[in-house]
Amino acid sequence: MTPARSPRSLLGLRVAALLETLVFLALALALDRHFGAGDRFAGVTPHPFWAIVLLVSAQYGAKEGLAAALLASAAFLAGNLPEQGFSEDLHAWLLRATTEPILWIFAAIGIGDIRDGHRRERDSLREELREAREQAEGLADAYERLSRLKDHLEARVAGQ
């Protein structure tokens, strides 16, 4: 069995996940700029950035999902913070501005942890399968040796 190639990583994150996230965000922002209102989908429910956060979290795990959530948050908020209302206090404004990114982060961690648990279980099962195959090969080898020994002893007894 050939050893599995480890995926390329950057800062402990899979490069494929980062590229997928960046390409999605770039395409989404380009679509919003050319065909949308240019407000980074602020009025769209559910927000399109949910798609990449959920997909990356489910496909790659918590670390990559968190990176996708942080990149989506940066793409959503950078230079696009909503105006603070006249009668709105600072905490209410911060909550209104960051509700969606905070939800992305929590969802990425939750779904990513589930994915990571499945990955650990799969790796454990693969290891158990490898050990079971080694044991089966050992038993088959022992059976073959015993069978050859039995044939040799039968031939010796028949010769006497």
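A brief structural summary. Treat the numbers as computed from the prediction; the structure is a model and nothing was measured.

**A few points about the packing of aromatic side chains**
Scanning the entire structure with this criterion turns up 4 aromatic pairs. Ring geometry for Trp 50 against Trp 104: centres 6.4 Å apart, planes inclined by 85 degrees, an arrangement best described as edge-to-face. On the criterion of sequence distance, the pair formed by Trp 50 in helix α2 (residues 49–60) and Trp 104 in helix α4 (residues 90–159) is long-range, its members being 54 residues apart. For the pair Trp 50 and Trp 104, one class covers both residues: buried. Pairing Phe 76 with Trp 104 gives two aromatic rings, centres 5.7 Å apart and planes at 70 degrees, and the pair type is edge-to-face. With Phe 76 in helix α3 (residues 62–77) and Trp 104 in helix α4, this residue pair connects regions lying 28 residues apart in the sequence. On the basis of relative accessible area, Phe 76 is assigned to the buried category, the value being 10%. We classify Trp 104 as buried; its relative accessible area is 0%.

**What about the packing of α3 against α4?**
Interhelical geometry of α3 versus α4 gives an angle of 165 degrees and a closest axis separation of 7 Å. Judged by the inter-axis angle, α3 sits roughly antiparallel to α4. In this structure, α3 crosses over α4, and the sense of that crossing is right-handed. Residues Ala 62, Gly 65, Leu 66, Ala 69, Leu 70, Ala 72, Ser 73, Phe 76 and Leu 77 of α3 lie in contact with α4, whose contacting residues are Ala 97, Thr 98, Pro 101, Trp 104, Ile 105, Ala 108, Ile 109, Gly 112, Asp 113 and Asp 116. Classifying every residue of the contact of α3 with α4 by side-chain character gives 13 nonpolar, 4 polar and 2 charged.

**Observations concerning a nonpolar patch on the surface**
A contiguous nonpolar surface patch, about 290 Å² in accessible area, is contributed by Leu 146, Leu 149 and Leu 153. Topologically, Leu 149 is positioned in helix α4. When its relative accessible area of 46% is taken as the criterion, Leu 149 is described as partly exposed.

**Regarding α2**
The end-to-end C-alpha separation of α2 is 17 Å, in line with the 16 Å expected for 12 residues at 1.5 Å each. Within α2, the full set of buried residues consists of Phe 49, Trp 50, Ile 52, Val 53, Val 56, Ser 57 and Tyr 60. After α2 finishes, the residue Gly 61 shows a positive phi value of roughly 120 degrees.

Basis of the calculations
- Residues numbered from 1 in each chain as written.
- Predicted model: local features only at pLDDT ≥ 70, side-chain atom pairs only at ≥ 80, totals over all residues.
- Heavy atoms only, no water.
- Phe/Tyr/Trp six-rings, centres within 6.5 Å; stacked < 30°, edge-to-face > 60°.
- Helix = DSSP H or I, 4+ residues; strand = E, 2+ residues; numbered from the N terminus.
- Buried < 20%, exposed > 50% of the residue type's maximum accessible area, 1.4 Å probe, protein only.
- Axes fitted to C-alpha atoms, helices over the stretch in contact; angles between N-to-C directions.
- Parallel < 35°, antiparallel > 145°, perpendicular 65-115°, else oblique.
- Left-handed = near helix turned anticlockwise from the far one by under 90°.
- Contact = heavy atoms within 4.5 Å.
- Nonpolar A, V, L, I, M, F, W, Y, C, P; charged D, E, K, R; others polar.
- Patch = residues over 30% accessible without salt bridge, like charges linked within 9 Å, V, L, I, M, F, W, Y side chains within 5 Å.
- Areas by Shrake-Rupley, 256 points an atom, 1.4 Å probe, with all protein chains shown as cover.
- Salt bridge = Lys/Arg side-chain N within 4 Å of Asp/Glu carboxyl O.
- Expected span 1.5 Å × (residues − 1).

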